[in-house]
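Summary of structural features
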Amino acid sequence: MFWNQISLMGTTMGSDNEFSEMIAFVGKHQIRPIIDSIRPFSKLADSFQDVAKPNKVGKIVFQV
C-alpha cells in the first residue's frame, strides 16, 4: 500500500446500538451468507475473473 500510494478507508455505517440490533436480528432469523467457494489465499489474484462473471452468486472465502 505504501509504494503504490494506495489508501484504505473504513466506515462504521451506524451507531453501536444499531450494530447490536443488527447482530440480534441476524441471530434471531438465522441469516447465513451464501458461500460460492472456499479457496486458498494463493488463488486470490486468479479469483478476480470469477467475481466479474454476471451469473456470480455468493461470497468467495479465502483461507489464510
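Our subject is the structure listed above.
Conventions and cut-offs
Residues numbered from 1 in each chain as written. Predicted model: local features only at pLDDT ≥ 70, side-chain atom pairs only at ≥ 80, totals over all residues. Heavy atoms only, no water. Pairing = 2+ DSSP bridges. Helix = DSSP H or I, 4+ residues; strand = E, 2+ residues; numbered from the N terminus. Right-handed = clockwise from strand over helix to strand, strands pointing away. Buried < 20%, exposed > 50% of the residue type's maximum accessible area, 1.4 Å probe, protein only.

So, on to the pairing of strand β1 (residues 35-40). Looking along a regular strand, one sees the side chains alternate between the two faces of the sheet. Here β1 pairs with strand β2 (residues 59-63) via five bridges, running parallel. In the sheet register, I35 faces β2, and the bridge partner there is K59. Crossover handedness for the path β1 to helix α2 (residues 44-51) to β2: right-handed.

Turning next to the environment of F48. As for its placement among the helices and strands, F48 is situated in helix α2. Judged by relative accessible area, which is 57%, F48 ranks as exposed. Through-space distance from the C-alpha of F48 to that of I6 is 19 Å; in sequence the pair is 42 residues apart.

Function-wise, these values are silent; they only describe arrangement.
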